Amino acid sequence: MANEKKSELPMDAPPQPAGYPPQHGNAYPPQPTVGYAASQEPGQTVIVRTTQVQPNDYLALAICVTICCCLPFGIVGIVKASESRSRFRAGDYDGAEESSKAAKNWSVAGLVTGCILVGGFVIIRAVLASTGYY
């Protein structure tokens, strides 16, 4: 019994699998806490998680309207879409929803305006072509 080798591991550590070198104490430093933690009292930690879903910002629609239909309305739609993302990241969920609706409204207005302008141009050109002026 005197020749038996004592384990170098603490009593509460699980035995090491064969083929691994022995670990002394804590093998790794403590890992940082994930999430938002706010300590209220010593020994008491509160973790806050957001359950809000980011509203659709309609950025893709605004970009398509800017490129294809009506530049001024599309630019305002892009600005409102960016504002929606910024407000959501800042925690202003109601403001993000409001900016999202504004981006949608400006983009749809640009889409309708662009369609009316293109349709009007096509009609005017067809009339002029049929009367021989063009």
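What counts and how
Residues numbered from 1 in each chain as written. Predicted model: local features only at pLDDT ≥ 70, side-chain atom pairs only at ≥ 80, totals over all residues. Heavy atoms only, no water. Helix = DSSP H or I, 4+ residues; strand = E, 2+ residues; numbered from the N terminus. Expected span 1.5 Å × (residues − 1). Buried < 20%, exposed > 50% of the residue type's maximum accessible area, 1.4 Å probe, protein only. Arc of directions from axis to C-beta. Contact = heavy atoms within 4.5 Å. Phe/Tyr/Trp six-rings, centres within 6.5 Å; stacked < 30°, edge-to-face > 60°. Salt bridge = Lys/Arg side-chain N within 4 Å of Asp/Glu carboxyl O.

With 20 residues, helix α2 (residues 71-90) should cover 28 Å at 1.5 Å per step; its first-to-last C-alpha distance of 29 Å lies within 8% of that length. Considered for burial, the residues of α2 that qualify are Gly74, Gly77, Ala81, Ser84 and Phe88. Projected onto a plane normal to the axis of α2, the buried residues spread over an arc of 75° and lie on a single side. Looking at α2, the residues exposed on the side facing more than 90 degrees away from the buried face are Pro72, Arg89 and Ala90. Turning to α2, the residues buried within the fold contact α1 (59-68) and α3 (93-131). In the segment just after α2, Gly91 is the residue with positive phi, at about 95°.

This brings us to the packing of aromatic side chains. In the structure shown here, the tally under the stated rule is two aromatic pairs. With a centroid separation of 5.6 Å and 35° between ring planes, the pair formed by Phe73 and Trp106 is classed as tilted. Here Trp106 lies in helix α3 and Phe73 lies in helix α2, a separation of 33 residues in the sequence. Given a relative accessible area of 34%, Trp106 falls into the partly exposed group.

Turning next to the pattern of salt bridges. A full pass over the atoms with the stated rule returns three salt bridges. Residue Arg85 is joined to Asp57 by a salt bridge in which the shortest nitrogen-to-oxygen separation is 2.3 Å. Taken together, the residues Arg85 in helix α2 and Asp57 in the loop between β2 (44-48) and α1 connect sequence positions 28 residues apart. Given the relative accessible area of 34%, Arg85 is considered partly exposed. When salt bridges with common partners are traced through the structure, they connect Lys80, Glu83 and Arg87 into a single cluster.

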